[in-house]
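Read off the chains here:
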Amino acid sequence: MKLVTYCENGAEKVGALTKDGAAIVPLSVPDMNTLIETMPLSALSSAVTAAEDSGVSVALADVELLSPIPRPRQDVLCLGMNYKAHAAEAAQYDAGAFTKEKPVAVYFSKRVSEAVAPGGAIQSHRELVERLDYEVELAVILGKTAKHVKAAEAGDYIFGYTILNDVSARDVQTGHKQWYFGKSLDGFTPMGPCIVTADEIAFPPALVISSSVNGELRQSSNTSLFLNSIQEVLEELTAAMTLLPGTIIATGTPAGVGMGFDPPRFLKPGDVVTCAIEGIGTLTNPVV
């Protein structure tokens, strides 16, 4: 199933895309967070079937598509330097800020007051930011409370997947010697276009992941190349941390970000960034 949040006649609604992707079948829940928290995949499948049988749908072209989780209940949990080639390019850009001394996961969080919709604007914040960068990432969404999860059980806790662009202000990120501020500015979390439920993607996911800027391919890799797997991450985090339903984990970005070029190729107003992941779709956003 592909689940979406959309706006119709000024009202925010949740639905499932039809198989051809041309229409949305409305679901009777107030928002995506509520759906994730209250509806396991087996019940969700029955609800979608019943909604399809009702014959009620709305054309995708007639509504405004929003981020699938417009307002996450908590900060997004993020993995830094989770692909070997990206870790190398990051260390080359700024060894002091990005060098990993040990082969352990790098965790940080990203404040998201409102996730940017497909087609929505990435704000450049030119008064503060000179080095604006893009990062395509597979985002994992948990479907139930996770505590003391064993790696072998990790797949049972996943509700679905979406695409996240971890937009980053490199000068703010490195200047403050921590990543929270430089990752969390308004308009820095495009996410979408949909949530693909976990039953549609084999676990662990091995998906082609890429990004382009103004049509030029910049990043191209596969999620099978994580340095720290989803299983390992869930086991480590939940050993002493409770993760709630709807928690979003951004799994890291492959090589090819702007700071990885020589000279660096940062974003500017007018640029268009497209992130794509096999089986999920594409997420395109202009920089303003």
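One structure accompanies this document, and this report is about it. Starting from 1, residues in each chain are numbered consecutively following that chain's sequence as written. Given that this is a predicted model, residues contribute local features only at a pLDDT of at least 70 and side-chain atom pairs are listed and counted only at 80 or more, while totals for whole chains, interfaces and linings are drawn from all residues. Only hydrogens and water are set aside; all other atoms, that is, all heavy atoms of the structure, feed into the side-chain values.

Further remarks concern the pattern of salt bridges. What counts as a salt bridge is simple: a side-chain nitrogen of Lys or Arg found within 4 Å of a carboxyl oxygen of Asp or Glu. This structure, assessed with the given rule, holds 12 salt bridges. One salt bridge in this structure joins lysine 183 and glutamate 135, with 3.3 Å as the shortest N-O distance. Pair noted here: lysine 183 is in helix α6 (residues 180-183) and glutamate 135 is in the loop between β8 (132-133) and β9 (136-142), with a separation of 48 residues, a long-range link. Across the pair, exposure class does not vary: lysine 183 and glutamate 135 are buried alike. One connected set of salt bridges, linked through shared partners, spans Lys110, Asp133, Glu135, Asp166, Arg170 and Lys183. Where helices and strands are cited, they refer to DSSP runs of H or I of at least four residues and of E of at least two residues respectively, numbered from the N terminus. Categorising residues by exposure relies on relative accessible area from a 1.4 Å probe, with only protein chains included: less than 20% of the type maximum marks a residue as buried, more than 50% marks it as exposed, and the intermediate range marks it as partly exposed.

Moving on, we come to the nonpolar core. Residues grouped as a nonpolar core are buried Ala, Val, Leu, Ile, Met, Phe, Trp, Tyr and Cys residues, joined through side-chain atoms within 4.5 Å. In terms of nonpolar packing, the biggest core is built from 50 residues, with Leu132, Tyr161, Val273 and Ile280 touching the most fellow members. Every element with two or more residues in this core is listed here: β1 (2-8), β9, β10 (158-165), β12 (191-197), β13 (208-213), α7 (230-238) and β16 (272-277). Residues count as neighbours in contact if any of their non-hydrogen atoms are within 4.5 Å of one another. Those residues in contact with leucine 132 that sit more than four places away from it in its chain are Ile122, Gln123, Ser124, Val167, Ser168, Phe188, Phe266, Leu267 and Val287.

Each aromatic pair joins two rings of Phe, Tyr and Trp (for Trp, the six-membered one) with centres within 6.5 Å, and gets the label stacked for planes under 30 degrees apart, edge-to-face for over 60, and tilted for any other angle. Within this structure, the stated rule accounts for two aromatic pairs. With a centroid separation of 5.5 Å and an interplanar angle of 75°, the aromatic rings of tyrosine 83 and phenylalanine 226 are classed as edge-to-face. With tyrosine 83 in the loop between β6 (76-80) and α3 (84-93) and phenylalanine 226 in the loop between β14 (216-222) and α7, the pair connects residues that are 143 residues apart, well separated along the chain. Across this residue pair, the class does not change: tyrosine 83 and phenylalanine 226 are buried. Centre to centre, the rings of phenylalanine 108 and tryptophan 179 are 5.0 Å apart; their planes meet at 70°, and the pair counts as edge-to-face. Residue phenylalanine 108 is located in strand β7 (residues 106-110), and its partner tryptophan 179 is located in the loop between α5 (170-175) and α6; the two are separated by 71 residues in the primary sequence. Tryptophan 179 gets classed as buried once you look at its relative accessible area, which sits at 13%.

For the rest of this paragraph, the subject is the pairing of β1. As defined by bridge partners, β1 adjoins β12 across two bridges and the pair is classed as antiparallel. Counterpart to leucine 3 in the pairing with β12 is isoleucine 195. In this structure, β1 lies alongside strand β2 (residues 11-17), joined through six bridges in antiparallel fashion. Following the sheet pairing, leucine 3 is matched in β2 by alanine 16. We call two strands paired when DSSP finds no fewer than two bridges between them. Between β1 and β2, which pair antiparallel one after the other, the connecting turn spans two residues, and asparagine 9 there sits at a positive phi close to 55°.

One less than the number of residues in a helix, times 1.5 Å, gives the span that helix is expected to have. Its 14 residues place the ends of helix α2 (residues 41-54) 20 Å apart at the C-alpha level, agreeing with the 20 Å of an ideal helix rising 1.5 Å per residue. Listed as buried for α2 are Leu44, Val48 and Ala51. Buried residues in α2, looked at end-on, bunch into an arc of 65°, giving them a common side. Across from the buried face of α2, at angles greater than 90 degrees, the exposed residues are Ser42 and Asp53. At its buried positions, α2 is contacted by β1, β2, β3 (23-27), α1 (32-38), β10 and β12. Looking one or two residues beyond α2, the residue adopting positive phi is glycine 55, at roughly 80°. The directions considered for the arc are those from the helix axis to the C-beta atoms.

Moving on, we get to the pairing of β9. Burial runs high along β9: seven of the seven residues are buried. What you see with β9 is no split at all: Val136, Leu138, Val140 and Leu142 on one side and Glu137, Ala139 and Ile141 on the other are buried throughout. Here β9 pairs with strand β15 (residues 248-250) via three bridges, running antiparallel. The residue bridging isoleucine 141 from the neighbouring strand is isoleucine 248, located in β15.

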